[in-house]
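Spelled out, the chains give:
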Amino acid sequence: MRVVSQEVLEKNRTELVIEVTEAEFQPALERAYRKNVGRMNVPGFRKGKAPRKMLERMYGEGVFFEDAVNDSYLRAYRDALTETGLDPVDHPDIEIMEIAGTGYTFKAAVTTRPKVKLGQYKGLSAVQPPVAVGGAEVEEEIGRLRLRNASVQTVERPAQTGDAVVFDFAGSVDGAAFEGGTAERHELKLGSGQFIPGFEEQIEGKAAGAEFDVNVTFPEEYHAPELAGKAAVFRCLLHEVKETLQPDLDDEFAKDVSEFDTLEELRASIREGIRETRADEAKNALEEALLDQVIAGMEVDVPDVMIDNQLEEMLRDMEYHLRGRIRIDLDAYLSMTGGTLEGLKAERRPAAERQVKAALAFEAIAEAEGLSVTDEELEAEYAKLAESYGIDVDTIKKQVGREGLSYDLRSLKASRIITDTAAVTQDGAGKPKAKPKTAKASAKKAAADGEPKPEAAPKPKTTTKKRSASE
């Protein structure tokens, strides 16, 4: 392999002209021949036994060129990156220029990681508001505990807000039924707001066995356009009214729902839990505010492809969580919410850009400070992760790559430099140091999730027509 030339096309975009020599191309041609000879028929030879030279005379010298190029160009491209020191953030665009049995030359246009000029990242200033927990918040949590431990019983009285009702309904618009407007023995909690405005209120006051009509109008912004703004009638039959009975708020309740013996001990524990959560939120908000200052003070021209790749990774994560939590994919979510993929991308793009810039800032700080991660630190983090997830270390190592974990820990060290050197005040009083975030292990870089591995690059055709990496 020989790098014939290296030209900067524009900022963060470089074109390499790379020559693959005969010594490198001939073994690739031989491998291509062995791959294809079994599928080629030649009179006088058993299938798969025809010599390569004969096949090249029959079908042309270039019969094996495409497979040979696909077999060899990637290795040449990777060697060229090593030689030039380029750091790509996306697949290259490949164009074959000249090719013969003695070798070939190709262009590789690649987007590279941008240079970062750091501004101030040490000695920044920020204000952290105090963490306070009100009594009402504690009582709200107590109320949620009572609801989670409540019992439900059928009652022989008219329904009221807070009750669950079991009923049949059949809806119609202008006398015609519509899709999704009919159900049997549907359970609905009155006051939950699950149905369109005005529906639940008309069930209140009705007892089991009652038949009645509910008259409502669909909202103008209703997700089904054919029903938006239309008046509808729902014929209903009420089968059952269920009352939720909450447990008494006393020491026995505390014993039943917790490890504590008294209600006051439970309240104190809840207060401390809320306080810890608020403290974590305040700490994270402080760290984000400091990071915003670092990003605002640095100079970097981020290639669009890095933001695009980060955005795609965010959407993949979103779909993963949607499938895990509510068992739907991204398309179904967009359909339910009336959104579009383009709109979602536009909404999330600023966040993706910030994530890329944050990761570039951490990389630049780590480089400036000479930060590194030792084997001992990696092993300690693997052990911590294994304990946290309740699985053995070897399993964690298979799931979380060493390179990705090292990147995360190095970024964490850079983050700590920002927070540990910051002057942080609480409402102007004192200067407690802000503590850095706990390391979150992952197998990918935050800003370079879309950074290609050379093995994943596209295969070029043996033609002078330029190919995009997406082909």
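Rules behind the numbers
Residues numbered from 1 in each chain as written. Predicted model: local features only at pLDDT ≥ 70, side-chain atom pairs only at ≥ 80, totals over all residues. Heavy atoms only, no water. Helix = DSSP H or I, 4+ residues; strand = E, 2+ residues; numbered from the N terminus. Rg over C-alpha atoms; globule rule 2.2 N^0.38 Å. Buried < 20%, exposed > 50% of the residue type's maximum accessible area, 1.4 Å probe, protein only. Contact = heavy atoms within 4.5 Å. pLDDT = per-residue confidence, 0-100. Lys, Arg positive; Asp, Glu negative; His and termini not counted. Salt bridge = Lys/Arg side-chain N within 4 Å of Asp/Glu carboxyl O. Expected span 1.5 Å × (residues − 1). Arc of directions from axis to C-beta. Phe/Tyr/Trp six-rings, centres within 6.5 Å; stacked < 30°, edge-to-face > 60°. Axes fitted to C-alpha atoms, helices over the stretch in contact; angles between N-to-C directions. Parallel < 35°, antiparallel > 145°, perpendicular 65-115°, else oblique. Left-handed = near helix turned anticlockwise from the far one by under 90°. Nonpolar A, V, L, I, M, F, W, Y, C, P; charged D, E, K, R; others polar.

**So, the overall build of the chain**
Counting secondary structure elements, the chain contains 12 helices and 11 strands. A globule of 471 residues ought to have a C-alpha radius of gyration of about 23 Å, yet the chain, at 33 Å, is considerably larger. Over its C-alpha atoms, taken along the principal directions, the chain stretches across nearly 95 × 70 × 45 Å. Expressed as a percentage of its 471 residues, the buried residues of the chain come to 38%. Considering only residue pairs separated by 6 or more positions, the chain has 68% of its internal contacts joining residues 24 or more positions apart.

**Remarks on the confidence of the model for the chain**
Residues shown with low pLDDT carry predicted positions that ought not to be read at fine detail. Residues of the chain with pLDDT of at least 70 account for 90%, and the chain-wide mean is 89. Note that pLDDT drops below 50 for residues 428-471; the model gives that stretch 120 contacts with residues more than four away or on any other chain.

**A few points about the environment of Val300**
Of note, Val300 is situated in the loop between α6 (263-297) and α7 (304-326). Classification of Val300 by relative accessible area gives partly exposed; the value is 24%. Taking the C-alpha atoms as reference points, Val300 and Asp67, 233 residues apart in sequence, are found 40 Å from one another. Setting aside anything within four residues of it in sequence, one finds Val300 in contact with Pro114, Lys115, Val116 and Leu360.

**Topic: the side chain of Glu15**
Tracing the chain through its elements places Glu15 in strand β2 (residues 13-20). Notably, Glu15 is buried but unbridged: the nearest opposite-charge side chain belongs to Lys107, and the N-O separation is 4.3 Å. Each residue touching Glu15, except ones within four places of it in the same chain, is listed here: Ser5, Gln6, Glu7, Leu9, Lys107, Ala108 and Ala109.

**Comments concerning the pattern of salt bridges**
Tallied over the entire structure, the rule returns 36 salt bridges. Between Asp67 and Lys35 there is a salt bridge; the shortest N-O distance is 3.7 Å. Pair noted here: Asp67 is in helix α3 (residues 65-84) and Lys35 is in helix α1 (residues 22-36), with a separation of 32 residues, a long-range link. Under the relative-accessibility criterion, Lys35 is labelled exposed at 52%. The salt bridge partner of Arg157 is Asp163, with a shortest N-O separation of 2.8 Å.

**A closer look at helix α10 (residues 375-389)**
Look at α10: 21 Å from first C-alpha to last across 15 residues, which is about the 21 Å you get at 1.5 Å a residue. Along α10, the residues that are buried comprise Leu378, Glu381, Tyr382, Leu385 and Ala386. Buried positions in α10, seen along its axis, are confined to an arc of 140° and lie on one side of it. Exposed positions of α10 whose direction lies more than 90 degrees from the buried face are Glu376, Glu387 and Ser388. Buried residues along α10 sit against α11 (393-399) and α12 (402-420). Looking one or two residues beyond α10, the residue adopting positive phi is Gly390, at roughly 70°.

**Comments concerning α3**
A rise of 1.5 Å per residue sets the reference length of α3, with its 20 residues, at 28 Å; its end C-alpha atoms lie 27 Å apart and thus fit the reference within 8%. Those residues of α3 lying buried are Phe65, Ala68, Val69, Asn70, Ser72, Tyr73, Leu74, Ala76, Tyr77, Ala80 and Leu81. Summarising the contacts, the buried residues of α3 are in contact with β1 (2-10), β2, α1, β3 (93-100) and β4 (103-111). After α3 finishes, the residue Gly85 shows a positive phi value of roughly 75°.

**Topic: the packing of aromatic side chains**
The way to describe two aromatic rings as a pair is by their centre distance and the angle between their planes. Using the criterion set out here, one finds 16 aromatic pairs in the structure. Judged by centre distance (5.7 Å) and plane angle (50°), the ring pair of Phe25 and Phe65 falls under tilted. Of this pair, Phe25 sits in helix α1 while Phe65 sits in helix α3; the two residues are 40 residues apart in sequence, bridging distant segments of the chain. The burial state of Phe25 is the same as that of Phe65; both residues are buried. Ring plane angle 75° and centroid distance 5.9 Å describe the contact between Tyr33 and Phe64, whose orientation is recorded as edge-to-face. Taken together, the residues span a long stretch of sequence, with Tyr33 in helix α1 and Phe64 in the loop between α2 (52-59) and α3 at a distance of 31 residues.

**A closer look at the packing of helix α4 (residues 135-148) against α6**
Contact geometry of α4 with α6 gives a least axis separation of 10 Å together with a crossing angle of 110°. If you check the angle between α4 and α6, you find them roughly perpendicular. Between α4 and α6 lies a crossing of right-handed hand. Of the residues in α6, those touching α4 at Gly135, Glu137, Val138, Glu139, Glu141, Ile142 and Leu145 are Leu266, Arg267, Ile270, Arg271, Ile274 and Arg278. When grouped by side-chain class, the residues that make up the contact of α4 with α6 number six nonpolar, one polar and six charged.

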